[in-house]
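For reference, the chains in residue letters:
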Amino acid sequence: MAGDEFHREWLEKDYYAVLGVPKNAAAADIKKAYRKLAQRHHPDANAGDAAAEERFKEVSSAYDVIGDEQKRASYDNAREMGAGGFGGFPGAGRPGGGFGGYPGGVRFEDAGVDLGDLLGGMFGGAGRGTRRQRGADLETDVTLTFEDAMAGVTLPVTLTGPAPCGTCHGSGAAPGTQPITCATCGGSGQVAVNQGFFSMAQTCAACHGTGRIVKTPCPTCGGVGAQRRPRTIQVKVPAGVMDGARIRLAGKGESGGAGGTAGDLFVRVHVRQHQLFGRRGDDLTVELPVTFPEAALGANVEVPTLNGPVTLKVPAGTASGRTFRVRGKGAPKKKGGHGDLLATVVVDVPGKLSREQKKLVEQLHAATEGSPRDTLGVR
């Protein structure tokens, strides 16, 4: 491959534009853009659409580079250094010529630059392994009752989308056959291309970087290794899961196609509010109504918990708003044990008094010395 052709295919390929993200995009935004485009143009969703298939390959190639932190850094460096193109550097392509406009035509190796290290992360190296397409990560939501979140539960989640082919189990080969190692690249998925004083690795055109050739394609998926179908996955939600938690199921996402690794499935958990209990980390909270006599004189009262009521001693003179800690009656912890139950006393003031109750309260008022507002300087 000539230097100018190499330049056009790699150094002038704007992978950020392919995915529709800015050059300074965060990794999460790049991943989100890739997933959206990959799902839109996936061959399973666009049967017979050659343009969509080509677009899917282009999107996948772009994400393979800038979706990887090390490859992205190498790609950015290469584009900055080769902004004018290999053919545009002074001396490029001429005997004894140099690069970058250095006096006398300084070569990369003379300047102490290992071009293989610089570009290896982006282009790979011959024999460094295949580049089979990894399936996209998927995300879904589940909603639980408060009780199920505290106890833990296993529940089915049904997804519809690309999944390993039920006939070939993802290999892409017809039953009774197996993919064979690509003879062109020897299974590496890449071939070396001589570029004068250095060589570059290029995706193998025979196997498209997979390192394998499917001679007899699966009749169900046509050699893709995946098919669009509904599938049910059992999701184990741990006891004590918090609202908004994200559970990762490795390899349960979108199929990677023939020989590729499946993506991951992320399950976001939503927990319904409870009519009595709130939550503060591993602790549960509850409001505990008591009568004025119970707060003033002290009493043993029952407090509700997730597994039945317990008795709490409310000491005499307890003010409204005071919180008591009931040990071990909170939410389950990740590493074992439970948090606590925080019971906050609320003194219940009757909205209506009987004649006898009113008389007794008036007597209490008459016998009360001072005012709770004395410290405020008011009556």
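Student: Sorry, what's going on with the pattern of salt bridges here?
Tutor: Two side chains of opposite charge can pair, provided their charged atoms sit close to one another. Counted according to the given criterion, the structure contains 10 salt bridges. With a shortest N-O distance of 3.2 Å, R55 and E58 are connected by a salt bridge. One end of the pair, R55, and the other, E58, are both in helix α4 (residues 50–66), three residues apart, so they sit about a helical turn from each other. Take R55: its relative accessible area is 24%, and that puts it in the partly exposed class. According to the relative accessible area criterion, E58 is partly exposed, its value standing at 28%. R327 is paired through a salt bridge with D340; the nearest N and O atoms lie 3.2 Å apart. Of this pair, R327 sits in the loop between β14 (323–326) and β15 (341–348) while D340 sits in the loop between β14 and β15; the two residues are 13 residues apart in sequence, bridging distant segments of the chain. Taking relative accessible area as the criterion, D340 reaches 10% and is therefore assigned buried.

Student: When you look at the confidence of the model for the protein chain in this model, what are you seeing that I'm missing?
Tutor: Scored by pLDDT, the protein chain comes out at a mean of 80, with 80% of its residues at no less than 70. Low pLDDT, under 50, characterises residues 1–9; the stretch is placed with 21 contacts to residues that sit more than four places away or in other chains. The low-confidence segment residues 84–130 (pLDDT under 50) makes 81 contacts with residues lying over four places distant or belonging to another chain.

Student: It is not clear to me how the side chain of R72 should be interpreted in this structure. Could you clarify?
Tutor: Within the secondary structure, R72 is located in helix α5 (residues 69–81). Filtering out sequence-adjacent residues up to four positions away, R72 remains in contact with Y16, K23, N24, A25, A27, I30, V65 and I66.

Student: How should the sheet that holds strand β9 (residues 265–271) be read in this particular structure?
Tutor: Hydrogen bonds between backbone groups are what pair the strands of a sheet, and the pairing can be parallel or antiparallel. If you trace the three strands from one edge of the open sheet to the other, you get β1-β9-β8, paired in mixed fashion. Across the chains shown, the open sheet's two edge strands, defined by having one partner strand only, are β1 (138–144) and β8 (246–249). Recorded for the sheet is a direction-independent mean angle of 25° between the axes of neighbouring strands. Across seven bridges, β1 lies against β9 in parallel orientation. Counterpart to E139 in the pairing with β9 is F266.

Student: Help me understand the sheet that holds β14, please; the structure alone is not making it clear to me.
Tutor: In space, the four strands of this open sheet follow the order β10-β11-β15-β14, with mixed pairing throughout. Every other strand in the sheet has two partners, leaving β10 (278–280) and β14 as the edge strands with one partner each. On average, each strand axis in the sheet is tilted by 35° relative to the strand beside it, whichever way the strands run. Two elements, strand β11 (residues 283–291) and β15, share eight bridges in a ladder whose sense is parallel.

Student: Is there a simple way to think about the environment of V235 in this case?
Tutor: Assignment of secondary structure puts V235 in strand β7 (residues 226–237). As a C-alpha pair, V235 and R248 span 13 residues in sequence and 9.7 Å in three-dimensional space. Discounting chain neighbours no more than four positions away, the residues touching V235 are V153, T154, L155, V157, L249 and V267.

Student: What is the right way to read the side chain of H274 from this model?
Tutor: In this structure, H274 sits in the loop between β9 and β10. By relative accessible area, H274 is classed as buried at 19%. A distance of 2.9 Å separates the side chain of H274 from the backbone nitrogen of L276, its partner in a polar contact. One polar contact links the side chain of H274 to the main-chain amide nitrogen of F277, over a distance of 3.2 Å. Among residues more than four places away in sequence, those in contact with H274 are F146 and E147.

Student: Just checking my understanding: could you explain the packing of aromatic side chains for this structure?
Tutor: Each aromatic ring pair is characterised by the separation of its centres together with the angle its planes make. The full count for this structure, using the stated rule, is one aromatic pair. Residues Y34 and Y63 carry aromatic rings whose centres are separated by 4.1 Å and whose planes lie at 5° to one another, so their mutual orientation is stacked. A residue pair is termed long-range when its members are at least 10 positions apart, and Y34 in helix α3 (residues 27–41) and Y63 in helix α4 qualify at 29 residues. Given a relative accessible area of 4%, Y34 falls into the buried group. Between R246 and the ring centre of F266, over which it is positioned, the NZ or CZ distance is 4.0 Å.

Student: Hey, could you run me through the pairing of β9 in this one?
Tutor: Within a regular strand, side chains alternate between the sheet's two faces. With five of its seven residues buried, β9 lies for the most part within the structure. Two elements, β8 and β9, share four bridges in a ladder whose sense is antiparallel. Residue pairing in the sheet places L249 in a bridge with L265 of β9.

Rules used throughout
- Residues numbered from 1 in each chain as written.
- Predicted model: local features only at pLDDT ≥ 70, side-chain atom pairs only at ≥ 80, totals over all residues.
- Heavy atoms only, no water.
- Salt bridge = Lys/Arg side-chain N within 4 Å of Asp/Glu carboxyl O.
- Helix = DSSP H or I, 4+ residues; strand = E, 2+ residues; numbered from the N terminus.
- Buried < 20%, exposed > 50% of the residue type's maximum accessible area, 1.4 Å probe, protein only.
- pLDDT = per-residue confidence, 0-100.
- Contact = heavy atoms within 4.5 Å.
- Pairing = 2+ DSSP bridges.
- Axes fitted to C-alpha atoms, helices over the stretch in contact; angles between N-to-C directions.
- Polar contact = N/O pair within 3.5 Å; in protein donor to acceptor, adjacent residues only side chain to side chain.
- Phe/Tyr/Trp six-rings, centres within 6.5 Å; stacked < 30°, edge-to-face > 60°.
- Lys NZ or Arg CZ within 6 Å of the ring centre and 35° of its normal.

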